[in-house]
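# Examination of the molecular architecture
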Amino acid sequence: MSNRKPYVREMTRTWWKDHPFYRFYMVREATILPLIFFTICLTFGLGSLVKGPEAWATWLSFMSNPVVVVLNILALAGSLFHAQTFFSMMPQVMPIKIKGKTLDKKIVVLAQWAAVAAISLFVLVLV
């Protein structure tokens, strides 16, 4: 038996900061944090809507706090960034073929954004 120790590469906590690809990945994954806050706020808003007018008014006053407004704007920006990266990745992950020809990536991405705009417009008109 040999008394040699195997080489174990040191891994620091900030290993991802050294490479632009991993930095971008970590930023993309961090966009979930403001979205978690938004989801929790929305859940409490639905709960306060069920409880009655006083609870609803309290929730509305909480949501009008400037810090909460900034966090919701960050959540919107994070969700749009996340959607953009997902939409731009989709043609590579799942290429769409029509009559044996692969559809152009730009068309797929624009179609996804058009679907988002149409659904948003529909919801806006509905409400």
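Predicted model, so just to flag it, every value in this text is computed and none were measured.

Bringing the overall build of the protein into the picture now. A count of helical and extended segments in the protein gives 5 helices and 2 strands. Helices and strands in the protein line up, N terminus first, as α-α-α-α-β-β-α. Here the protein has a C-alpha radius of gyration of 22 Å; the compact-globule value for 127 residues is 14 Å, and the former is much larger. If you line up the protein on its principal axes, its C-alpha atoms span 75 × 50 × 25 Å. For the protein, with 127 residues in total, the buried portion stands at 15%.

Nonpolar side chains collect at one region of the surface, where Phe38, Leu42, Leu46, Leu49, Trp56 and Leu60 lie side by side and expose about 540 Å² of accessible area between them. Those elements that provide at least two residues to the nonpolar patch are helix H2 (32-51) and helix H3 (53-63). Top element by residues in the nonpolar patch is H2. It accounts for 4 residues. Examined against the element boundaries, tryptophan 56 turns out to sit in helix H3.

All right, on to the UniProt feature "transmembrane region" (unreviewed entry) in the protein then. In the numbering used here, UniProt assigns the "transmembrane region" (unreviewed entry) feature to residues 21-47, 67-87 and 107-126. End C-alpha to end C-alpha, residues 67-87 measures 30 Å, and it is 100% helix and 0% strand.

Taking 1.5 Å as the rise per residue, helix H4 (residues 66-93) with 28 residues should run 40 Å; its terminal C-alpha atoms sit 40 Å apart, in good agreement. Of the positions making up H4, those classed as buried are Val68, Asn72, Ala75, Gly78, Ala83, Thr85, Phe87 and Pro91. Those residues of H4 hidden inside the fold are in contact with helix H1 (20-30), H2, H3 and helix H5 (105-126).

Positive phi values are uncommon outside glycine, yet lysine 99 reaches one of about 55°. Position of lysine 99 among the secondary structure elements: in the loop between strand S1 (97-98) and strand S2 (101-102).

This part covers the environment of lysine 106. Here lysine 106 lies in helix H5. Residue lysine 106 is classed as exposed on the basis of its relative accessible area of 62%. As for lysine 106 and phenylalanine 87, which are separated by 19 residues in sequence, their C-alpha atoms are 9.9 Å apart.

Glancing now at the packing of aromatic side chains. Summed over all chains, the structure comprises 6 aromatic pairs. When the ring of tryptophan 15 is compared with that of tyrosine 22, the centres are 5.3 Å apart and the planes differ by 65°; the resulting orientation is edge-to-face. Taking relative accessible area as the criterion, tryptophan 15 reaches 39% and is therefore assigned partly exposed. Chaining the aromatic ring pairs together yields one cluster made of Trp15, Phe21 and Tyr22.

Calculation rules
Per chain, residues are indexed from 1 in the order of the written sequence. Selection of residues for local features in this predicted model requires a pLDDT of at least 70, selection of side-chain atom pairs for listing and counting requires 80 or more, and totals for whole chains, interfaces and linings are taken over all residues. The basis for every side-chain value is the complete set of heavy atoms in the structure, and neither hydrogens nor water enter the calculation. Put simply, DSSP H or I for four residues or longer makes a helix, DSSP E for two residues or longer makes a strand, and each gets a number counted from the N terminus. Computation of the radius of gyration draws on C-alpha atoms, with the globule rule given as 2.2 Å multiplied by the number of residues to the power 0.38. Think of it in three bands: residues with accessible area under 20% of the maximum for their type are buried, residues over 50% are exposed, and the middle band is partly exposed, with areas taken using a 1.4 Å probe on protein chains only. Patches here are clusters of residues that have more than 30% relative accessible area and form no salt bridge, with a 9 Å joining cutoff for like charges and a 5 Å cutoff for nonpolar side chains (Val, Leu, Ile, Met, Phe, Trp, Tyr). Accessible areas in this description were obtained via Shrake-Rupley with a 1.4 Å probe; residue shielding takes into account the shown protein chains only. By definition, a salt bridge exists where a carboxyl oxygen of Asp or Glu is found within 4 Å of a side-chain nitrogen of Lys or Arg. UniProt positions are given in the numbering used here, feature names are shortened, and annotations may be inferred rather than shown by experiment. To estimate the expected span of a helix, count its residues, drop one, and scale the result by 1.5 Å. Contacts are assigned to residue pairs that have any heavy atoms within 4.5 Å of one another. A pair of Phe, Tyr and Trp rings is counted when the ring centres sit within 6.5 Å of each other, with Trp represented by its six-membered ring. The angle between the planes then sorts it: under 30 degrees is stacked, over 60 is edge-to-face, the rest tilted.

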